[in-house]
Every structure is written in C-alpha cells, then in structure tokens.
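As a plain string of letters, each chain reads:
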2 protein chains.
Amino acid sequence: MSEEYEEALGKNENDLDEETLFIVSQTFKALGDPTRIRILNLLFNNEYSVNDIADILDLRQSTVSHQLSFLKNLRLVKHRREGTFLYYSHDDEHVMNMLKQTIEHANHS
Amino acid sequence: MSEEYEEALGKNENDLDEETLFIVSQTFKALGDPTRIRILNLLFNNEYSVNDIADILDLRQSTVSHQLSFLKNLRLVKHRREGTFLYYSHDDEHVMNMLKQTIEHANHS
DNA sequence: CTGATATATGCACATATGTTCATGTATGGT
DNA sequence: ACCATACATGAACATATGTGCATATATCAG
C-alpha cells in the first residue's frame, strides 16, 4: 500500500462534495452532445431565433427547442423576445471559452 | 430574416466538421460523468492503482476498470505496470486544466 | 505448475438521453 | 374574435450509457 493511498483514505480532502460533482458533471454533459455543441458554436458571435438555428443546422424545430431549453436551465444561453421571435445568445463566458479552446485543440491534432 | 441568418446559410463556415464534432463531444462526454470526474480529480497529484482508486472512492473494481478503460481510449489517462499492479495517472494537461477550472468555478458560485 | 492477487472484459440490466410527432401556448395582425 | 406564425412541451420510442456479476487474463511467488 502506497503512502499516497494511506494519505488519501479517510480524508476526503481528495474527493468532491456531491453538489460540486453535480454542477461540474452537468456542465460538461451539456457540452457532450454534438447538437448542443453545434448550437453553442453558432451562438459564438451572434444571436439567432429558434427557427434560424433549425434552418442553419438542418434540425427540427422541436429538437432545437428542447436543446435550448436544456442549455437555458444551465444558464448557458439566454433569450430576448421580439414579437413572436425569441433570439437566443450565449450566457456563460467560461463555458464558451472552454468550448472554443477544445475545438481549436481538436482541429490541429 | 436577419442579415446574420443570410450570412450563415449556405456557408458552413459557421458549422463544425463531423470529425471535430466527434472529438469535442467525446472529450466533454468523458468529463460528464460523476464517477469519471472523481477518478480524474483523484489523479490530479498522484498515480494510483485500480484497487487504490476503488477503495478510496468506494467503487467496485470492475466499475473503476471500465471507466479507466474509457478514459484510456481517449488518452486522458495512461498507466505504468509494476508487477501485477497498474498505476494510472492523468495524460492530458488541457483536459485536466479544464476540469480544475470548472471545479473551482462551481465551488465559489 | 499452482495458487494468489490485480486487473480486464463480456454480458445483462436498469436508467439516461436525444429525437420525433402531435399538440399546446404565446404573440401580433386583421 | 380569428388566424397565422413562432416557439414550447409531453409522450413515445430507439439508442446510449453506467454498473455489477461472473469470468477471463496477467503477473509473480513458491
């Protein structure tokens, strides 16, 4: 048994509390789906309505709406109403930066 | 129809190619599970054998083994053999940095 | 070679997830 | 009030995912 092991056992200094674990996993889970990545990637520079997103990415309206709802619950996107239109935009700089970094990291590999 | 929309339609400058999409989503998916987060978090500073990890995190040996296999396929961890023991350690600084940042981000929120 | 320990792996199972269809709600125009 | 358009939502479905059991493989000691 290593000393590191003995050091780790008992103390849960090395482990994460349940709430942190939940928030972190939810955040990454949001970025773990191709459709949501495409949507967030589209929102990097501009805001778009639900139907705009569906048309540009060739997705069903309901699919986009469900995913935007998911992202909105996690406060990764926000929206602004204009008549019957809802214009969505990103709302978490930290997450958007991670996404950008990872996309770049993936592109030159 | 917005100008941004017209700008985006047709050009897929705004969309990601399939391979990038796959790599990025796989990477984030790896971080989207509480068990894998706990394992990677444990590996921040030290290497541990499979049974060490199972004992410390109170998980089944097969669960840990399965998840390490998952992480190893994505090159997020590597291992070093010593007799019958396999000592696992992290193998992707970029991913570990993202994890650390996100944990800190979650903790003071 | 045998036994003991450490780890990996295939299968089965329960649950989670993503998409679609159908329909509901909301807003504005006439 | 009615219709048209934009979006949301619930249910159903197929697929993906995480875990556990049982078993296979690997390495070493004797």
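Nothing here was measured: the structure is a model prediction, and the numbers come from that model. (Residues numbered from 1 in each chain as written. Chains lettered and ligands numbered in written order. Predicted model: local features only at pLDDT ≥ 70, side-chain atom pairs only at ≥ 80, totals over all residues. Heavy atoms only, no water.)

### What about the relation of the copies chain B and chain A?
The two copies are related by a screw motion: chain B maps onto chain A through a turn of 180° and a shift of 0.0 Å along the axis, at an RMSD of 0.0 Å. Between the two chains, the operation in question is that of a two-fold axis. (Least-squares fit on C-alpha atoms with pLDDT ≥ 70 in both.)

### With respect to the protein's contact with DNA strand D
Taken together, 23 residues lie near DNA strand D, and A:S65, A:Y88, B:R36, B:T63 and B:Q67 sit nearest. A distance of 2.9 Å is found between a base oxygen of DNA strand D and a side-chain nitrogen or oxygen belonging to A:H66. Secondary structure elements with two or more residues in the surface near DNA strand D: helix 4 (50–57), helix 5 (61–73) and strand 3 (85–90) of chain A together with helix 3 (34–42) and helix 5 (61–73) of chain B. Partitioning the surface near DNA strand D into residue classes produces four nonpolar, 14 polar and five charged. (Near = heavy atom within 4 Å. Polar contact = N/O pair within 3.5 Å; in protein donor to acceptor, adjacent residues only side chain to side chain. Helix = DSSP H or I, 4+ residues; strand = E, 2+ residues; numbered from the N terminus. Nonpolar A, V, L, I, M, F, W, Y, C, P; charged D, E, K, R; others polar.)

### Concerning the protein's contact with DNA strand C
Residues in close proximity to DNA strand C total 23 residues, the closest being A:T35, A:R36, A:Q67, B:S65 and B:Y88. Atoms of DNA strand C within 4 Å of the protein belong to the sugar or the phosphate in 67% of instances, the rest to bases. Here a phosphate oxygen of DNA strand C sits 2.6 Å away from a polar atom, N or O, in the side chain of A:Q67. One nitrogen or oxygen atom from the side chain of B:N51 is found 3.0 Å from a phosphate oxygen belonging to DNA strand C. Of the residues in the surface near DNA strand C, the class split is four nonpolar, 14 polar and five charged.

### A closer look at unusual backbone geometry
The phi torsion at A:D58 lies on the positive side, around 55°, for a residue other than glycine. With respect to the element layout, A:D58 can be found in the loop between helix 4 and helix 5. Given the relative accessible area of 71%, A:D58 is considered exposed. Of note in this structure, B:R75 is not a glycine but carries a positive phi near 60°. Note on B:R75: relative accessible area 63%, which makes it exposed. (Buried < 20%, exposed > 50% of the residue type's maximum accessible area, 1.4 Å probe, protein only.)

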